[in-house]
Amino acid sequence: MNANIYINFTTSVLTFVLGILLLTGIIYPDNKDSTKLMFGLVLIIYGIFRFMNAMSKVKQQKMDDRMKKLEEERE
């Protein structure tokens, strides 16, 4: 795997954890402000999106490797 995949996984985990910490009030323990809750939800959704995107890139890379292997065997 290349470095881009590792960066995507790391970013997805960090944004997801940051969103959870915002929702629980650990990072910003002020009153339950609706903008804080919305920002926490957006971060969680973005973390899930990045994770799904990274997983699809890994699957695509595996599929490309298989296709190259099949083409080399065919020749």
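Here's a quick rundown of the structure. Numbers given to residues run from 1 along each chain, matching the order in which its sequence is written. Predicted model: local features are reported for residues with pLDDT of at least 70 only, side-chain atom pairs are reported and counted for 80 or more only, and whole-chain, interface and lining totals are derived from all residues. Note that water and hydrogens are dropped before the side-chain values are worked out from all heavy atoms of the structure.

**Notes on the overall build of the chain**
Condition: Every helix listed is a DSSP run of H or I at least four residues long, and every strand listed is a run of E at least two residues long, numbered separately from the N terminus. Summary of the burial criterion: residues with accessible area below 20% of their type's maximum are buried, those above 50% are exposed, and those between are partly exposed, where the area comes from a 1.4 Å probe applied to protein chains only. Contacts are assigned to residue pairs that have any heavy atoms within 4.5 Å of one another. Accessible surface is estimated by sampling points in the Shrake-Rupley manner with a 1.4 Å probe; for residues, cover comes only from the protein chains shown. When charges are counted, Lys and Arg contribute as positive and Asp and Glu as negative, whereas His and the chain ends are disregarded. For the purpose of locating charges, the reference atoms are NZ of Lys, CZ of Arg, CG of Asp and CD of Glu.
When helices and strands are counted, the chain shows 2 helices and 0 strands. Oriented by its inertia axes, the alpha-carbon framework of the chain measures out at about 65 × 15 × 10 Å. Looking at the chain as a whole, 21% of its 75 residues qualify as buried. Long-range contacts, defined here as pairs at least 24 residues apart, represent 65% of the contacts in the chain between residues at least 6 apart. Accessible surface computed for the chain: about 5,900 Å², of which carbon and sulfur atoms make up 66%. Looking at charge distribution, the chain has the averaged site of its 10 positive side-chain charges lying 7 Å from that of its 8 negative ones.

**What about the environment of D30?**
Mapping D30 onto the fold places it in the loop between α1 (3-24) and α2 (34-74). Separated by 15 residues in the primary sequence, D30 and T15 have C-alpha atoms spaced 20 Å apart.

**Description of the packing of α1 against α2**
Note the cut-off: Every axis corresponds to a line fitted to the C-alpha atoms, with the helix fit spanning only the stretch in contact, and the corresponding angles, defined between N-to-C directions, vary from 0 to 180 degrees. Working rule for angles: under 35 degrees goes down as roughly parallel, over 145 as roughly antiparallel, 65 to 115 as roughly perpendicular, anything else as oblique. The handedness criterion is simple: a crossing whose near helix is rotated anticlockwise from the far helix by less than a right angle is left-handed, and one whose near helix is rotated clockwise is right-handed. Residue polarity follows a fixed list, in which Ala, Val, Leu, Ile, Met, Phe, Trp, Tyr, Cys and Pro are nonpolar, Asp, Glu, Lys and Arg are charged, and the others, Gly among them, are polar.
At a minimum axis distance of 7 Å, the contact between α1 and α2 shows a crossing angle of 160°. One element, α1, and the other, α2, form an angle in the roughly antiparallel class. Along this stretch, α1 crosses α2, giving a crossing that reads as left-handed. Its residues assigned to classes, the contact of α1 with α2 shows 19 nonpolar, 9 polar and 3 charged.

**Notes on α2**
Each α-helix turn comprises 3.6 residues. Residues three or four places apart therefore point the same way. Condition: Helix span is expected to be 1.5 Å times the residue number reduced by one.
In this model, α2 (41 residues) spans 60 Å end to end at C-alpha, consistent with the 60 Å of a helix rising 1.5 Å per residue. All of the buried residues in α2 are K36, G40, L43, I44, G47, R50, A54 and V58.

**Points about α1**
With 22 residues, α1 should cover 32 Å at 1.5 Å per step; its first-to-last C-alpha distance of 32 Å lies within 8% of that length. Along its buried surface, α1 packs onto α2. A positive backbone phi angle near 90° is found at G25, which sits one or two residues after α1.

**Quick look at a negative patch on the surface**
Using the following cut-off: A patch is a set of surface residues, each over 30% in relative accessible area and not in a salt bridge, joined within 9 Å for like charges and within 5 Å for the nonpolar side chains Val, Leu, Ile, Met, Phe, Trp and Tyr. Salt bridge criterion: a side-chain nitrogen from Lys or Arg within 4 Å of a carboxyl oxygen from Asp or Glu.
On the surface, E71, E72, E73 and E75 cluster together into a negatively charged patch. Taking the relative accessible area as the measure of exposure, E75 reaches 82% and is therefore exposed.

**Quick word on the side chain of R50**
Position of R50 among the secondary structure elements: in helix α2. D64 provides the closest opposite charge to the buried, unpaired R50, separated from it by 18 Å.

Shape descriptors only; they carry no functional weight alone.
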